[in-house]
Amino acid sequence: MQVPQETDIRELRKLILRYTTIGVVLITLISASLGIWPLYQRLQKTQNERLIQVVQTRTRSIEQFVQGARNVVLQITSRTRARNLLELFNSGSMTLEDYVRQSGIILEDALRLSDEVIGITRLGFTGKQLVHVGRAFPPTTWPEAAAGEDEVLLRGPLEFDGNLLLVISAPIKDAAGNRAGTDIVCFRFNIMEEILADRNGLGETGELVLGTARNGSYEIISRPHDAERLELAVAAETQAAMIRRALAGQTDVMQEASPAGKPVLMCFGPVDGTPWAALATMNPSELYSSVNRQIALVMLGITGLALAGAFGMFLLVRPLTGGILIHSDVLQQRIDDATRRLKEHNRLLRAANLELAEHNTRFKEELRLAQNVQMGFLPTRFPHEDRIVFDKYYLTCEILGGDLFDVFEVGQHHVAMYVADVAGHGVSAALISGLLKMAISSIRQTGEQHTHGFNPDLLSPGHILEVLNSQLYDEMPKDEFITMIYAILDLRSMEFTMADAGHPRPLQYRTETQTLETVTFKTGAALGLIHNETYQEFCYEVRPGDQIVFYTDGVTEALNGDDEEFGESRLYETLSEAFKNKPQHVTAAIQSAVEHHRNGREVSDDFTILACAIR
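What you see is a predicted model, and the numbers here were worked out from it, not measured in a lab. (Residues numbered from 1 in each chain as written. Predicted model: local features only at pLDDT ≥ 70, side-chain atom pairs only at ≥ 80, totals over all residues. Heavy atoms only, no water.)

Trainee: How would you summarise the sheet that holds strand S13 (residues 414-422) if you had to cite specific residues and measurements?
Mentor: One open sheet holds the five strands; their spatial order is S12-S13-S14-S15-S18, and the pairing between them is antiparallel. The two strands at the open ends of the sheet, each matched to only one other strand, are strand S12 (403-410) and strand S18 (538-541). Adjacent strand axes in the sheet meet at a mean angle of 15°, parallel and antiparallel pairs treated alike. Summarising the sheet, strand S15 (residues 495-501) and S18 pair through four bridges and their orientation is antiparallel. Within S18, the position partnered with Met498 by the bridge is Phe538. (Pairing = 2+ DSSP bridges. Helix = DSSP H or I, 4+ residues; strand = E, 2+ residues; numbered from the N terminus. Axes fitted to C-alpha atoms, helices over the stretch in contact; angles between N-to-C directions.)

Rendered as structure tokens:
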């Protein structure tokens, strides 16, 4: 047996120390990278979902504006006096000159329904123009089937005289339900342009535009906020593909290269109730900057630990290298065993990550299904009354929320409304709001037993709150409660009757004095806190032009980056200006003011706004 020389042993010791240290560092970094990669993908997916939520928030604002415009058009077409005049003219009982003079006065009044309405054209049942008020716009801007369809049609945005317009047509029905004519109403596009220009959530490089299908092709129809941002431009074929998918009801985020070769993130989705698709572009480095910083810090920490471990290994192995040379087979076996254990740990870690991702996907899908059920609790349309018009805004801080509201008719002469807020938010609050919804539905369904066709108890807000409190006191957990305000409007006397269970009192703008005030009356305990609690009722009259806003405390408690609440003073300041407009402007003004105050901070509580205007 040849005995190794001392020089050879020293070289072998150096090689062992060198490769052992390098191996420890590399194995640690590779193992950490394999574990971090799924985390990095999940964080990117979270940012993509956040971008989708930003786009969906904008599309909901656009949908609310369009729905508000449709409601204005339907209010114009449903005016009884104007419809009767049109029937007299169609039957030959009135001359065109008399009809134009009398209906023109009515349409001039209708022109003031919304500050966004700039022109109204009324067509006869043959499609011929009879009356026009406001700004003139040519027939080329009218929806194509304006005189032949029995549905509300929308066209736009259209560029006319340097401005973007939205044109909506709706049929006028006579007493027999037959089409007697058509109203074509032209709206300014200003509010929607402000929504599209809002960079909140899109960063410095973001851009949001609208697209549609037109003449067999797909194209952008809104003016971009920054047309010179060429580094984020994408090919027309890519834009067309995204618009086509969005119009098919799809919502997604994808990354492509611009003609300049730079990466571009694109998010697209439908604008429900319109022929439009929303398309947002953004620099991915800006969206993922926070994720990249977090991963970089984690990798830096892991690298430091790897180096520290390697140094410790060096100190441990160095005095043993002499014995290692003699017992190399044993050492090799130990190294092989450690490597196998490390690989097995990595395999188990990857399997656990995959299982966690699968559970997370299923949980999100179940939450989305629950969200669809909960959204079914909320009204999709309001009672159609000439003397009162409603608008609403509803936002949850999580997929499920605890706010609840509704507006419904009680018989022929009353309209009931309520707003409720379950303590907390998320899944538990949503379950309790469902319990409240079922309790109210049970009270409403008992109306079939009465000769009036409805439950007379619905006309007594105080009694309704007492019944709900009695039922919920036994059903809800003892640490839970619900604030709620319930009101009835008598359409004959135009008198409001309200009762309050610990809920923020509504705010009212009185047109007679042009003042904003809190509707002050005695409140009772929140539902579910005190057994056999009684609730006092408060009655007062309202006049045409008065406006009332019901809301939940998520509005005033919205926080900015400095943990400062939005507060009642900002709400008063916002409403003092917004109450001069229509209900849909009131809700939009509150929403915009709260978003501006949050300045990108996540929503910390659900909030609801229910606005009504007396006509």
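Trainee: Outline the pattern of salt bridges, supporting the account with residue identities and numerical values.
Mentor: Think of it this way: side chains of opposite charge can pair up when their charged atoms draw near. According to the stated counting rule, one finds 15 salt bridges in the structure shown. A salt bridge links Arg101 to Asp98; its shortest N-O distance comes to 3.5 Å. You can see Arg101 and its partner Asp98 sitting in helix H3 (residues 96-110), three residues apart, about one turn around the helix. Residue Arg601 is joined to Asp563 by a salt bridge in which the shortest nitrogen-to-oxygen separation is 2.6 Å. You can see Arg601 sitting in the loop between helix H13 (583-598) and strand S20 (607-614) and its partner Asp563 sitting in the loop between strand S19 (547-551) and helix H12 (567-578), a full 38 residues away along the chain. Arg601 gets classed as partly exposed once you look at its relative accessible area, which sits at 28%. For Asp563, a relative accessible area of 51% gives the class exposed. Through salt bridges with shared partners, a single ionic network connects Arg79, Asp109 and Arg112. (Salt bridge = Lys/Arg side-chain N within 4 Å of Asp/Glu carboxyl O. Buried < 20%, exposed > 50% of the residue type's maximum accessible area, 1.4 Å probe, protein only.)

Trainee: So what's going on with a nonpolar patch on the surface? Residues and values would help.
Mentor: A surface patch of nonpolar side chains, amounting to about 580 Å² of accessible area, comprises Leu15, Tyr19, Ile22, Leu26, Ile30 and Leu34. If you trace the backbone, Leu26 turns up in helix H1 (residues 6-77). (Patch = residues over 30% accessible without salt bridge, like charges linked within 9 Å, V, L, I, M, F, W, Y side chains within 5 Å. Areas by Shrake-Rupley, 256 points an atom, 1.4 Å probe, with all protein chains shown as cover.)

Trainee: I'd love a proper account of the packing of aromatic side chains, names of residues and values included.
Mentor: How two aromatic rings sit relative to each other is set out by the distance from centre to centre and by the angle between their planes. Per the counting criterion, the structure on display carries eight aromatic pairs. Taken together, a centroid distance of 5.7 Å and an interplanar angle of 40° make the contact between Tyr393 and Phe607 tilted. Here Phe607 lies in strand S20 and Tyr393 lies in strand S11 (residues 388-395), a separation of 214 residues in the sequence. On the accessibility criterion, Tyr393 (5% relative accessible area) is buried. By relative accessible area, which is 2% here, Phe607 ends up buried. Feature note: the residues Phe496, Phe521, Phe538 and Tyr540 constitute an aromatic cluster, connected by ring pairs. Sitting over the ring of Phe408, Arg444 keeps its end group 3.8 Å from the ring centre. In this structure, Lys478 packs its charged tip against the face of Tyr473, placed 4.1 Å from the ring centre. (Phe/Tyr/Trp six-rings, centres within 6.5 Å; stacked < 30°, edge-to-face > 60°. Lys NZ or Arg CZ within 6 Å of the ring centre and 35° of its normal.)

No statement about biological role is implied by the geometric values presented.
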